[in-house]
Amino acid sequence: MTEGISSGRLRVLFALFAVATLLLSLRVGYWQTIGRSALLEGATDQLRSDLVVEAQRGVIRDRNGAILATTVDLRSLYAIPKRIADHADAAAKLSPVLATPAATIRAALDSGAEWLYLKRRLPEPVARAVEALAITGLGFEPEPKRLYPNDALAANLLGFVNDDGAGQYGIEGAYDRVLRGIPGRLVVERDPKDRELALGLRTAVPPRNGADVFLTIDLVVQTAIERELRRAIEREKATSGSIIVVDPRDGAILGLASWPTFDPARVGAADPEALRNRAVSWSFEPGSTMKAVTIAAGIDKHVVTPTTTYDDKGYAIIGGRRLNNAQGKAYGTTTVTQILERSANAGAVFVASKLGQDPLYQYLRAFGFGSPTGIDLAAEASGAVRPLAEWYPVDVGTIAFGQGIAVTPLQLAMAYATIANGGTLYRPYVVAATRDADGEHRTAPVAVRSPITPDTADTLRTMLVSTVDKGIAHGASLTGYSVAGKTGTAQIPSDDGRYVDDAYISSFAGFAPANDPRFAVVIVLERPQSKLLGTLTTMSAFHDLALDVLRNARVQPDRP
């Protein structure tokens, strides 16, 4: 048979076999030497599973340890459709248990997916009911769920956690990295049937759980302010509102609420506007609450005293413009103290004119207006104080009584807290401490600056007490306690640079007891239906809230 094959062809065949043998030998040599580790790794990976071990998210508590947010493990229902014999029958059985239309479940099973969630984070009774159906092709996977034991209480402050476990808004968002911790890893060897090998390799890097976060918030105070804000909103049919309670002694926020709000358990159905924390992100013209700051500057600069007088004609002329008192009232001879008691716009213009635009601007900035306070929450607005070079002569007058300047509720609260504590502006904060495996880490109060002297602050406190006792803010008075405060009514700027007709923002800012202030409060309502009388509702809200706060703190009356 070989006689028919030429010697040349045999040499070619021999050469081909020789080359193939050489290449095979080189390949085997490579895998035995240089490529050995990669080959072993690939083989090992076929028997090894590498799992992420999630860290437990930290708990959020109030200043007394009450739980505001925590995490529990719930079971999520998944399906492997090709293992479910009858999709229609399975959908029909699952529908009443999951409270989901059978057609929706059937569509999911028929989608062609190899693996899918049918329902995530089931309540345990529902999970057990699904188990009882014993449908092949269904299974459960544990998933953490963030729970808020107090329902929607402090929702704008706390924020929420999305389905991917990431904190959004509020404390959950601002402190997400602190709360979520660091995931661990678990590497184990398994046999071909996916069973863990008893003597196989097992490598574990344990997770580092998230830190617990302790807030400055007092749950009792928070409950009271949300109750009063809801009542005020309902009474006035207001568009929005906010209340802040701060400890003037160190800047700690005792309570903070916004309206509209949302339920963290049903955040998917919430209006995006409801997710906004208006206490720190909403800017508005403050109106007459700004008169206390203007007069504080005038007294601190020694251009007026509480007993300095002027002739109130019901208006003031400045920069060629006429600025009127509310309803054009003329008071005649009026002291600086009575400017606050009567909330006289012309009086605020009188003080600001004696002060001058440069000092007025410097005091506004020193009190923190026009800059973020630095609170440990995201999305804080800075308000608006225009650069001095952009001021018109009339601006000295309008800004003196709170027009042409924009502030946040938090900025206003910190300004009044500054007057309350003797002249020190603190940086507000809501996280008192964090606690992790390394121990507790407490937040130290930060004194930013002193806009006014202690003597000026003491004088202003006396004048603001008179405003409550004898003046326009009498509705905020408390039996047995001295109260310092001021109302504010402001027009709402329109898009064309004018003001919206017959629409206002009503506010009250104050503190108590005035002789030794334990808290400062700002209450703001947007577009109250009673319009100019909206301040009556804010004072009523302060009255009821203040009684709760004083009783909760066991503050003794300072008046007979």
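This text goes with the structure placed above it.
Thresholds applied
- Residues numbered from 1 in each chain as written.
- Predicted model: local features only at pLDDT ≥ 70, side-chain atom pairs only at ≥ 80, totals over all residues.
- Heavy atoms only, no water.
- Helix = DSSP H or I, 4+ residues; strand = E, 2+ residues; numbered from the N terminus.
- Buried < 20%, exposed > 50% of the residue type's maximum accessible area, 1.4 Å probe, protein only.
- Areas by Shrake-Rupley, 256 points an atom, 1.4 Å probe, with all protein chains shown as cover.
- 1 Å grid on protein atoms, 1.4 Å probe; cavity = no way out; pocket = protein on both sides within 12 Å on 5 of 7 lines; lining within 4 Å.
- Points joined across faces, edges and corners; volume = space filled by probe spheres on them.
- Salt bridge = Lys/Arg side-chain N within 4 Å of Asp/Glu carboxyl O.
- Contact = heavy atoms within 4.5 Å.
- Polar contact = N/O pair within 3.5 Å; in protein donor to acceptor, adjacent residues only side chain to side chain.
- Axes fitted to C-alpha atoms, helices over the stretch in contact; angles between N-to-C directions.
- Parallel < 35°, antiparallel > 145°, perpendicular 65-115°, else oblique.
- Left-handed = near helix turned anticlockwise from the far one by under 90°.
- Nonpolar A, V, L, I, M, F, W, Y, C, P; charged D, E, K, R; others polar.
- Pairing = 2+ DSSP bridges.
- Core = buried A, V, L, I, M, F, W, Y, C linked by side-chain atoms within 4.5 Å.
- Phe/Tyr/Trp six-rings, centres within 6.5 Å; stacked < 30°, edge-to-face > 60°.
- Lys NZ or Arg CZ within 6 Å of the ring centre and 35° of its normal.

**What about the overall build of the protein?**
Piece 1. Across its full length, the protein holds 18 helices and 23 strands.
Piece 2. The buried share among the 560 residues of the protein stands at 48%.
Piece 3. As displayed, the protein offers around 27,000 Å² of accessible surface, 53% of which is attributable to carbon and sulfur atoms.

**Concerning empty space enclosed by the protein**
In this approach the atoms are scanned with a rolling probe the size of a water molecule, which exposes any empty space left behind.
Piece 1. According to the stated counting rule, one finds one cavity of 30 Å³ or more in the structure shown.
Piece 2. Taken as a whole, the largest cavity encloses approximately 30 Å³ of empty space.
Piece 3. Together, Val246, Asp247, Pro248, Asp250, Gly251, Met414, Ala417, Thr418, Asn421, Thr424, Leu425 and Tyr426 line the largest cavity.
Piece 4. Breaking the lining of the largest cavity down by element, the ones donating at least two residues are α16 (409–421) and β17 (425–426).

**Here we look at the pattern of salt bridges**
Piece 1. Tallied over the entire structure, the rule returns 26 salt bridges.
Piece 2. For Glu143, the salt bridge identified is with Arg120, shortest N-O distance 2.4 Å. Taken together, the positions of Glu143 in strand β5 (residues 138–147) and Arg120 in strand β4 (residues 116–122) put the pair 23 residues apart, joining distant regions of the chain.
Piece 3. Classification of Arg120 by relative accessible area gives partly exposed; the value is 35%.
Piece 4. Within the structure, one salt-bridge network assembled from shared partners comprises Arg57, Arg146, Glu172, Asp176 and Arg180.

**With respect to unusual backbone geometry**
Piece 1. The omega torsion of the bond from Trp259 to Pro260 falls at 5°, within 30 degrees of zero and hence cis.
Piece 2. Inspection of the secondary structure puts Pro260 in the loop between β12 (253–259) and α10 (278–281).
Piece 3. Note the cis peptide between Ala512 and Pro513, where omega equals -20°.
Piece 4. Unusually for a residue other than glycine, Arg121 sits at a positive phi of about 55°.
Piece 5. By relative accessible area, which is 14% here, Arg121 ends up buried.
Piece 6. With a phi angle near 65°, Ala154 is a residue other than glycine that sits in the positive phi range.
Piece 7. Here Ala154 is to be found in the loop between β5 and α6 (155–158).

**Section: the environment of Thr373**
Piece 1. Along the polypeptide, Thr373 turns up in the loop between α14 (357–366) and α15 (393–400).
Piece 2. With 38 residues separating them in the primary sequence, Thr373 and Gln411 have C-alpha atoms 6.7 Å apart.
Piece 3. Leave out the neighbours within four places in its chain, and Thr373 touches Glu380, Leu410, Gln411, Arg427 and Pro428.
Piece 4. At 3.3 Å, the side chain of Thr373 forms a polar contact with the backbone nitrogen of Ile375.
Piece 5. Within polar-contact distance, the side chain of Thr373 engages the side chain of Glu380 at 2.7 Å.

**Side note on the environment of Ala238**
Piece 1. Summarising the element assignment, Ala238 is placed in the loop between α9 (219–236) and β11 (240–246).
Piece 2. Beyond its immediate chain neighbours, meaning those up to four positions away, Ala238 contacts Ile233, Leu525, Glu526, Arg527 and Pro528.

**A word on the side chain of Thr408**
Piece 1. With respect to the element layout, Thr408 can be found in the loop between α15 and α16.
Piece 2. Residue classification places Thr408 among the buried positions, given a relative accessible area of 0%.
Piece 3. A distance of 3.0 Å separates the side chain of Thr408 from the backbone nitrogen of Gln411, its partner in a polar contact.
Piece 4. Those residues in contact with Thr408 that sit more than four places away from it in its chain are Ala279, Val280, Trp282, Ser283, Phe284, Ala381 and Gly383.

**Considerations on the packing of helix α3 (residues 87–98) against helix α4 (residues 102–109)**
Packed helix pairs are characterised by how far apart their axes lie and by the angle those axes make with each other.
Piece 1. Axis separation between α3 and α4 bottoms out at 8 Å; the angle between their running directions is 135°. In this view, α3 runs oblique relative to α4, as classed from their interaxial angle. Regarding α3 and α4, the two cross each other, and that crossing is right-handed. Packed against α3, whose contacting residues are His87, Ala88, Ala90, Ala91, Ala92, Leu94, Ser95 and Leu98, the element α4 presents Ala102, Ile105, Arg106 and Leu109 at the interface.
Piece 2. For the contact of α3 with α4, a count of residues per class yields nine nonpolar, two polar and one charged.

**Some words on the packing of α9 against helix α18 (residues 534–552)**
Piece 1. Packing of α9 against α18 leaves a shortest axis separation of 10 Å and a crossing angle of 160°. What the angle tells us is that α9 and α18 run roughly antiparallel. Relative to α18, α9 is oriented so that their crossing is right-handed. From α9, Val220, Val221, Ala224, Ile225, Arg227, Glu228, Arg231, Ala232, Arg235 and Glu236 reach across to α18, where they touch Gly534, Thr537, Ser540, Ala541, Asp544, Leu545, Asp548, Val549 and Asn552.
Piece 2. In the contact of α9 with α18, the residues fall into eight nonpolar, four polar and seven charged.

**Observations regarding the sheet that holds β12**
Piece 1. The strand order β12-β11-β23-β22-β21 describes an open sheet built from five strands, whose pairing is antiparallel. Looking at strand neighbours, the two that pair on one side only are β12 and β21 (484–493), the edges of this open sheet. For this sheet, the mean inter-axis angle between neighbouring strands, taken without regard to orientation, is 10°.
Piece 2. Across six bridges, the pairing between β11 and β12 is antiparallel. Within β12, the residue paired with Gly241 across the bridge is Trp259.
Piece 3. Against the sheet, helix α17 (residues 454–469) touches β21 and β22 (499–512), its axis set at about 75° to β21.
Piece 4. Strands in contact with α18 are β11, β21, β22 and β23 (519–526); relative to β23, the strand with the most contacts, it is inclined by about 145°.

**Details of the nonpolar core**
Piece 1. Judged by nonpolar contacts, the single largest core of 96 residues is most densely connected at Leu157, Ile171, Leu215, Ile253, Leu364 and Phe369.
Piece 2. For this core, the leading source of residues is α16, giving nine residues.
Piece 3. Leave out the neighbours within four places in its chain, and Leu364 touches Met290, Val293, Phe369, Val385, Trp391, Ile399 and Ile405.
Piece 4. Among the nonpolar cores identified, the runner-up in size contains 32 residues, and Ile225, Leu229, Ile523 and Met539 belong to it.

**Some words on the pairing of strand β19 (residues 439–442)**
Piece 1. As judged from the four bridges shared by strand β18 (residues 431–436) and β19, these two strands associate in the antiparallel manner. Looking at the pairing, Ala433 lines up with Arg442 of β19.
Piece 2. Following β18, the chain reverses through two residues before pairing antiparallel with β19.

**Describing the packing of aromatic side chains**
Piece 1. For the structure on display, the rule yields eight aromatic pairs.
Piece 2. Ring centres of Phe160 and Phe262 lie 6.1 Å apart, and the angle between their planes is 80°; this geometry places the pair in the edge-to-face category. Here the residue Phe160 occupies a position in strand β6 (residues 160–161), and Phe262 occupies one in the loop between β12 and α10, the gap between them amounting to 102 residues.
Piece 3. With a relative accessible area of 8%, Phe160 lands in the buried category.
Piece 4. With centroids separated by 4.9 Å and ring planes inclined at 15°, the aromatic side chains of Tyr310 and Phe350 adopt a geometry described as stacked. One end of the pair, Tyr310, is in strand β13 (residues 309–312); the other, Phe350, is in helix α13 (residues 345–355), with 40 residues separating them in the sequence.
Piece 5. Classification of Tyr310 as buried rests on a relative accessible area of 10%.
Piece 6. The exposure class of Phe350 is partly exposed, given its relative accessible area of 21%.
Piece 7. In textbook terms, an aromatic cluster arises when at least three aromatic residues are bridged by ring pairs, as seen for Tyr78, Trp115 and Tyr117.
Piece 8. Positioned above the aromatic ring of Tyr315 is the side chain of Arg322, whose terminal nitrogen or guanidinium carbon lies 3.8 Å from the ring centre.

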